[in-house]
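This is what each chain is made of:
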Amino acid sequence: TVAVNYTDLNGCIAGSPSVYNVTVKPLPVPTISGPASICATTTGNVYSTESGMTGYLWSVSSGGTITSGIGTSSITVTWNSSGIQTIAVNYTDLNNCTAASPAFYNVTVKSLPVPTISGPASICATTTGNVYTTESGMSGYLWNVSLGGTITAGSGTNEITVTWNSAGNQSVAVNYTNFNGCIAASPTSYNVTVKPLPVPTISGPASICATTTGNIYTTESGMSGYLWNVSLGGTITAGSGTNAITVTWNSPGNQTVAVNYTNLNGCNAVNPTIYNLVVKVLPVPTISGPVSICVTSTGIVYTTEPGMTGYLWNVSSGGTITSGNGTNSIAVTWNSSGAQAITINYANINGCMAAFPTLYNVIVNPLPVPTISGPVSIRSEEHT
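Residues numbered from 1 in each chain as written. Predicted model: local features only at pLDDT ≥ 70, side-chain atom pairs only at ≥ 80, totals over all residues. Heavy atoms only, no water.

*Asks:* Any chance you could explain the environment of Thr-161 here in plain terms?
*Replies:* Within the secondary structure, Thr-161 is located in strand S14 (residues 159–164). Along the backbone, Thr-161 and Phe-356 are 195 residues apart, and their C-alpha atoms lie at a distance of 62 Å. Ignoring any residue separated from it by four or fewer positions in sequence, one finds Thr-161 in contact with Gly-129, Asn-130, Val-131, Thr-150, Ile-151, Thr-152 and Ala-153. (Helix = DSSP H or I, 4+ residues; strand = E, 2+ residues; numbered from the N terminus. Contact = heavy atoms within 4.5 Å.)

*Asks:* Explain the state of the cysteines to me, please; I cannot follow it from the model alone.
*Replies:* One covalent bond between the sulfur atoms of two cysteine residues makes up a disulfide. Taken as a whole and judged by the stated rule, the model has 3 disulfides. Each sulfur in the disulfide pair Cys-39 and Cys-182 lies 2.0 Å from the other. Negative torsions about the S-S bond denote left-handed disulfides, and the value of about -90° found for Cys-39 with Cys-182 makes this one left-handed. Here the residue Cys-39 occupies a position in strand S3 (residues 37–39), and Cys-182 occupies one in the loop between strand S15 (168–177) and strand S16 (188–195), the gap between them amounting to 143 residues. Both residues of the pair, Cys-39 and Cys-182, count as buried. Should the bonded cysteines of the chain be numbered as they appear in the sequence, the pairing reads 1-3, 2-5, 4-6. (Disulfide = S-S within 2.5 Å. Buried < 20%, exposed > 50% of the residue type's maximum accessible area, 1.4 Å probe, protein only.)

*Asks:* What is the right way to look at the pairing of strand S30 (residues 358–365) in this model?
*Replies:* Looking down a regular strand, the side chains alternate between one sheet face and the other. Going residue by residue along S30, you find Thr-358, Tyr-360, Val-362 and Val-364 tucked away on one face and Leu-359, Asn-361, Ile-363 and Asn-365 left uncovered on the opposite face. Relative to S30, strand S24 (residues 292–294) runs parallel, the two being bridged by 3 bridges. Residue pairing for S30: Cys-294 is matched across the bridge by Asn-365. Here 7 bridges tie strand S29 (residues 338–347) to S30, and the two strands are oriented antiparallel to one another. Its bridge partner lying in S30, Gln-340 is registered against Val-362. (Pairing = 2+ DSSP bridges.)

*Asks:* What is the right way to look at the environment of Val-109 in this model?
*Replies:* Residue position: Val-109 is located in strand S9 (residues 103–110). Counting along the chain gives 69 residues from Val-109 to Ala-40, while the straight-line C-alpha distance between them is 5.5 Å. Beyond its immediate sequence surroundings of up to four residues, Val-109 is in contact with Ile-38, Cys-39, Ala-40, Trp-79, Ser-81, Ser-82, Gly-83 and Gln-85.

*Asks:* Is there a simple way to explain the sheet that holds S24 in this structure?
*Replies:* In a beta sheet, neighbouring strands are held together by backbone hydrogen bonds and run either parallel or antiparallel to one another. Here 4 strands make up an open sheet; going across it, the order is S24-S30-S29-S26 and the pairing mixed. Of all strands in the sheet, those bounded by a partner on one side alone are S24 and strand S26 (309–315). Across the sheet, the mean angle separating the axes of adjacent strands is 25° when strand polarity is ignored. Relative to S29, S26 runs antiparallel, the two sharing 5 bridges. Bridge pairing links Thr-309 to Ala-347 in S29. (Axes fitted to C-alpha atoms, helices over the stretch in contact; angles between N-to-C directions.)

*Asks:* What exactly am I supposed to notice about the sheet that holds strand S4 (residues 45–48) here?
*Replies:* What the 3 strands build is an open sheet, ordered S4-S7-S6; its pairing is antiparallel. Of all the strands in the sheet, just S4 and strand S6 (64–68) have a single pairing partner and so form its edges. On average, adjacent strands in this sheet sit at an angle of 40° to one another, irrespective of strand direction.

*Asks:* Help me out: how do you make sense of the side chain of Asn-45 in this one?
*Replies:* With respect to the secondary-structure elements, Asn-45 resides in strand S4. You can call Asn-45 buried: its relative accessible area is 4%. When sequence neighbours within four positions are dropped, the list of residues in contact with Asn-45 reads Pro-35, Ile-38, Ile-75, Thr-76, Val-77, Thr-78 and Trp-79.

*Asks:* Sorry, what's going on with the environment of Thr-333 here?
*Replies:* Tracing the chain through its elements places Thr-333 in strand S28 (residues 329–334). Through-space distance from the C-alpha of Thr-333 to that of Gly-299 is 6.1 Å; in sequence the pair is 34 residues apart. Look past the residues within four positions of Thr-333 in its chain and what remains in contact with it is Thr-296, Ser-297, Thr-298, Gly-299, Gly-318, Gly-319, Thr-320 and Thr-322.

*Asks:* In this structure, what is going on with the pairing of S16? I would like to understand it.
*Replies:* Bridge analysis of strand S10 (residues 122–124) against S16 gives 3 bridges, and the strand direction is parallel. Bridge pairing links Cys-124 to Lys-195 in S16.

*Asks:* Explain the nonpolar core to me, please; I cannot follow it from the model alone.
*Replies:* Counting 18 residues, the largest nonpolar core has Ile-202, Tyr-217, Trp-228, Trp-249, Val-257 and Leu-277 as the members making the most contacts within it. When residues of this core are traced back to their parent elements, those giving at least two are strand S17 (207–209), strand S19 (224–230), strand S21 (244–249), strand S22 (253–262) and strand S23 (273–280). (Core = buried A, V, L, I, M, F, W, Y, C linked by side-chain atoms within 4.5 Å.)

*Asks:* Help me out: how do you make sense of unusual backbone geometry in this one?
*Replies:* Phi is mostly negative for residues that are not glycine, and the peptide bonds are mostly trans. Phi is positive for Thr-41, which is not a glycine, with a value near 75°. Take Thr-41: it is sitting in the loop between S3 and S4. Even without being glycine, Asn-96 reaches a positive phi, approximately 65°. Residue classification places Asn-96 among the exposed positions, given a relative accessible area of 63%.

*Asks:* Quick question: what am I supposed to make of a nonpolar patch on the surface here?
*Replies:* Judged by side-chain polarity, Val-2, Tyr-20, Val-22 and Val-24 come together as a nonpolar surface patch covering roughly 440 Å² of accessible area. Here Val-24 shows up in the loop between strand S2 (18–20) and S3. (Patch = residues over 30% accessible without salt bridge, like charges linked within 9 Å, V, L, I, M, F, W, Y side chains within 5 Å. Areas by Shrake-Rupley, 256 points an atom, 1.4 Å probe, with all protein chains shown as cover. Salt bridge = Lys/Arg side-chain N within 4 Å of Asp/Glu carboxyl O.)

Spelled out as structure tokens, the structure:
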């Protein structure tokens, strides 16, 4: 109430003061409810105050952004920065009164983790056992690798093992929940270069006669760690450790040459390159014909296998080939007695010649020299 009295111009005072009633309305005391502890960058955080009022005036500290609800009893906030943040609100109540100062609400915005990854950043394709690690002691580990890799162990822990199957630019990514219960806004990505494996090639003779020497096989030059192997039928005679080897093939049949090396990226092929070849059988010429003959006999025939090429006959100095040289059948005249010989070599249907000519021994017998005994001088009358 307000009361007043006074003395008027006549010097009179009212018998009692005038009383004026005044209603003094209470000021509102806004309250705020909503999450008081939150991870940075979390969206959709709703804060509310009393409903049914007017002139709602919200504000948030510089680490947050009001994304909706301004002018209403409920706002939505995204907290961008970690630390102690605040929300304030004031409004006009049903009595048309406004609080003398806004209500403040403290919010702890927790920092997000920043996962790190360590592990091989440059690796050869198909290499196994590649270990990648992040911070230990966290929870909810979530690993991913790009399509060129496979996690072979450790999913859900702070350490995984990866096999890289495909060459090119690959990546490993991880996220987790830290001690504050917060997850990074986006996973950490770690770039990995997966280097291609070499594909060695081999060039050299693919069809060769047994016992042929000096067969050269080559692969790409300029590499390192050349590792050659040949199958049991062959022998490397030169070039081991280089890009070109020399091989003698000792045994006929299907044989192989294999090579691997380290390329310029420091990578080896998963398996050596294998080069298939055929080592052809050498012929074994035979000779048929008389093995014992009289000296000066002519037209003595010696034969070997027909249907071959490059027939090469030789006879020892006591004989003469009189016909058939270059064919599978020759005629010989034996001029001198004693132990004589014939040799033959040829190229078979595989184009191979025997390592050595076949030797055929012949005994050339001397001709007899008849003798006569008896009187060499006699008188004719003794016969009468």
